[in-house]
Amino acid sequence: MSYLYECAYKYNNLKGANMNNKLKNEWFKDPKTNILAGIVVALALIPEAIAFSIIAGVDPMIGLYASFIIAVVSAFVGGRPAMISAATGAVALIVTPLVKDYGLDYLIAATILMGIIQLILGIFKVGQLIKFIPNSVMIGFVNALAIMIFMAQIEHIFGISIDTYIYVIVTLLIIYVLPRYFTAVPAPLIAIIILTIVSMTTGSNVHTVGDLGDIKRTLPQLVIPNVPFNLDTLKIILPYSASMAIVGLVESLLTSKLIDTVTDTSSNKNRESRGQGIANIFSGMFGAMGGCAMIGQSMINVRSGATTRLSTLTAGAVLMFMIIVLGNFVVQIPMPILASIMVMVSVGTFDWQSFKYLVKAPKTDAIVMLLTVIIVLATHNLAIGVVIGVILSALFFATKISHITVEKHVEDLNIYYYLRGPVFFASVESIMNQIDLHEQDRTITLDFQQAKLWDDSAVNAVDTLVDKLKLQDNTVYVINLDEQSQSMIKKLSNIDEAYIL
């Protein structure tokens, strides 16, 4: 009995030690670096949140509140440490018609429902579907997003003033040169602080954060959307909520996968799905819009050295702190500084090896990658590009593996057909074209030793072959089916079991 107590004691100690190590690695590893990285991200979130609010047609504070709430909540319940989630353009574009036609309260209700849908999908482990996204689609997703990030900065850089160009050049010099000599503080943070002070003291002719919209120094409040709680309301918001939920999860899971690759770590995709849902529910409950993972800000975070959830929590908390306490300073941050930081992110995000990939990869993979980029840029919707890319990749894959060979051997009145390859809906026609259905008065054997039945179309094809050959007074045997194929034949086929060997 004492031995059992000793085992239980050791197990509990080991379990406790593992929990402590996990807590340390996810939250308290290198806190200084993670806090500083979070501060940089917070500054980069402000103009984005304001811009996305304008796209959605709501007050700028709606986007800022959403970024604060989603970042803080996802820091605790998300599945990917160091990933940044906040208000995003993809979600904002979806809800623009809803806000225009029905108003803010319906947006709040739709955001809460969006979170509920994501939570349900997470419970049903939708995160596992990320493994079905091919590498070619992933490369296309990353490159399209990098291009979109860069293009979004053009309006903040070109055609404004000479001062703007100077700030851009100096910011990029600080970002790329300073880390060679000084790494204690992230270079983007140094650039923001120094150049903002310079702008405030010299009165430079540049656009600032305050030019994007008014920032009110108030905290978000718990609200109940002023909408009828009936089926008519559900009919209005459900299409928007479902679209936001799917787009948000696609972007979040792909961003999570990208950060996994960049940091050489793994993350829980199902927990991330649930976490995104919980974060959006809270965002809606506090009167804000929906959001998801942000690849640009996530890349800023990890490039600044962040590895833990503390960086995500810091980004959200500092964002609200700056709005409430440092609002007068924040509105004077020059936009060319933040735009330059995002340009740096876009350059670092783009997969420059993809040019070699286009030449060396199989043509179908190269086509999928290019089409994913083109579709995303044409629609400004990452989810649409990824879904179409996955479908095209699946079709190309099905075409590749649909080739099946049939070898014919004749011995007197006996004919043997040896099938090699996967038998499924796409390869059925190939089989029919390779077997002579006009043979008469023969004993015909269909040998599946090197073939496998994958679906009901395969079973139907075998039935059709046997029936047509029997019509010509042939005796037909089906042999060497593996266990799974035999099981399908017995359940779905009409062939007499005496002829299945």
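Residues numbered from 1 in each chain as written. Predicted model: local features only at pLDDT ≥ 70, side-chain atom pairs only at ≥ 80, totals over all residues. Heavy atoms only, no water.

**Structural notes on the pattern of salt bridges**
- Counted by the stated rule, this structure contains five salt bridges.
- Arg80 is the salt-bridge partner of Asp260, the closest N and O atoms lying 2.5 Å from each other. Here Arg80 lies in the loop between helix H3 (60–77) and strand S1 (85–87) and Asp260 lies in helix H9 (residues 231–263), a separation of 180 residues in the sequence. Taken as a pair, Asp260 and Arg80 share a single burial class, namely buried.
- One salt bridge in this structure joins Asp260 and Lys269, with 2.5 Å as the shortest N-O distance.
- On the basis of relative accessible area, Asp260 is assigned to the buried category, the value being 10%.
- Residue classification places Lys269 among the buried residues on the basis of a relative accessible area of 13%. (Salt bridge = Lys/Arg side-chain N within 4 Å of Asp/Glu carboxyl O. Helix = DSSP H or I, 4+ residues; strand = E, 2+ residues; numbered from the N terminus. Buried < 20%, exposed > 50% of the residue type's maximum accessible area, 1.4 Å probe, protein only.)

**Examining the nonpolar core**
- Ile46, Leu64, Phe141, Val209 and Ile215 are the most contacted members of the largest nonpolar core, which totals 106 residues.
- The element that contributes the greatest number of residues to this core is helix H2 (residues 31–56), accounting for 13 residues.
- With residues near it in sequence (within four places) discarded, Leu64 still touches Ile46, Ala49, Ile50, Ser53, Ile215, Leu319, Met320 and Ile323. (Core = buried A, V, L, I, M, F, W, Y, C linked by side-chain atoms within 4.5 Å. Contact = heavy atoms within 4.5 Å.)

**Quick notes on the pairing of strand S5 (residues 443–453)**
- Within S5, eight of the 11 residues are buried, which leaves the element mostly enclosed by the surrounding structure.
- Relative to S5, strand S4 (residues 414–423) runs parallel, the two being bridged by nine bridges. Opposite Pro422, over in S5, you have Lys452 as the bridge partner.
- Viewed along the sheet, the connection from S4 through helix H18 (residues 428–434) into S5 turns out right-handed.
- Summarising the sheet, S5 and strand S6 (residues 475–479) pair through five bridges and their orientation is parallel. Note on S6: the bridge partner recorded for Thr443 is Thr475.
- On the question of chirality, the crossover connecting S5 to the parallel S6 by way of helix H19 (residues 456–470) is right-handed. (Pairing = 2+ DSSP bridges. Right-handed = clockwise from strand over helix to strand, strands pointing away.)

**Remarks on unusual backbone geometry**
- Notably, Ala82 is not glycine yet its phi reads approximately 75°, a positive angle.
- Within the chain, Lys125 stands out as a residue other than glycine whose phi angle is a positive 60°.
- In this structure, Lys125 sits in the loop between helix H5 (104–123) and helix H6 (135–153).
- Accessibility expressed as a relative area gives 47% for Lys125, which makes it partly exposed.

**Comments concerning the side chain of Ser304**
- Secondary-structure assignment places Ser304 in the loop between helix H11 (295–303) and helix H12 (309–324).
- A distance of 2.8 Å separates a polar atom in the side chain of Ser304 from the backbone oxygen of Ile300.
- When sequence neighbours within four positions are dropped, the list of residues in contact with Ser304 reads Thr33, Ala37 and Pro186. (Polar contact = N/O pair within 3.5 Å; in protein donor to acceptor, adjacent residues only side chain to side chain.)

**Some thoughts on the pairing of S4**
- Two elements, strand S3 (residues 405–411) and S4, share seven bridges in a ladder whose sense is antiparallel. Across the sheet, the residue bridging to Glu411 is Asn414, located in S4.
- The turn linking S3 back onto S4 is made up of two residues, and Asp412 within it adopts a positive phi angle of 55°.

**A short note on the layout of surface pockets**
- As a volume, the largest pocket reaches approximately 720 Å³.
- As for the largest pocket, its lining consists of 32 residues, of which Glu48, Phe52, Gly89, Met148 and Ala152 are closest to the centre.
- Every element with two or more residues in the lining of the largest pocket is listed here: H2, helix H4 (89–102), H6, H11 and helix H14 (335–349).
- A breakdown of the residues in the lining of the largest pocket according to their chemical character gives 22 nonpolar, seven polar and three charged. (1 Å grid on protein atoms, 1.4 Å probe; cavity = no way out; pocket = protein on both sides within 12 Å on 5 of 7 lines; lining within 4 Å. Points joined across faces, edges and corners; volume = space filled by probe spheres on them. Nonpolar A, V, L, I, M, F, W, Y, C, P; charged D, E, K, R; others polar.)

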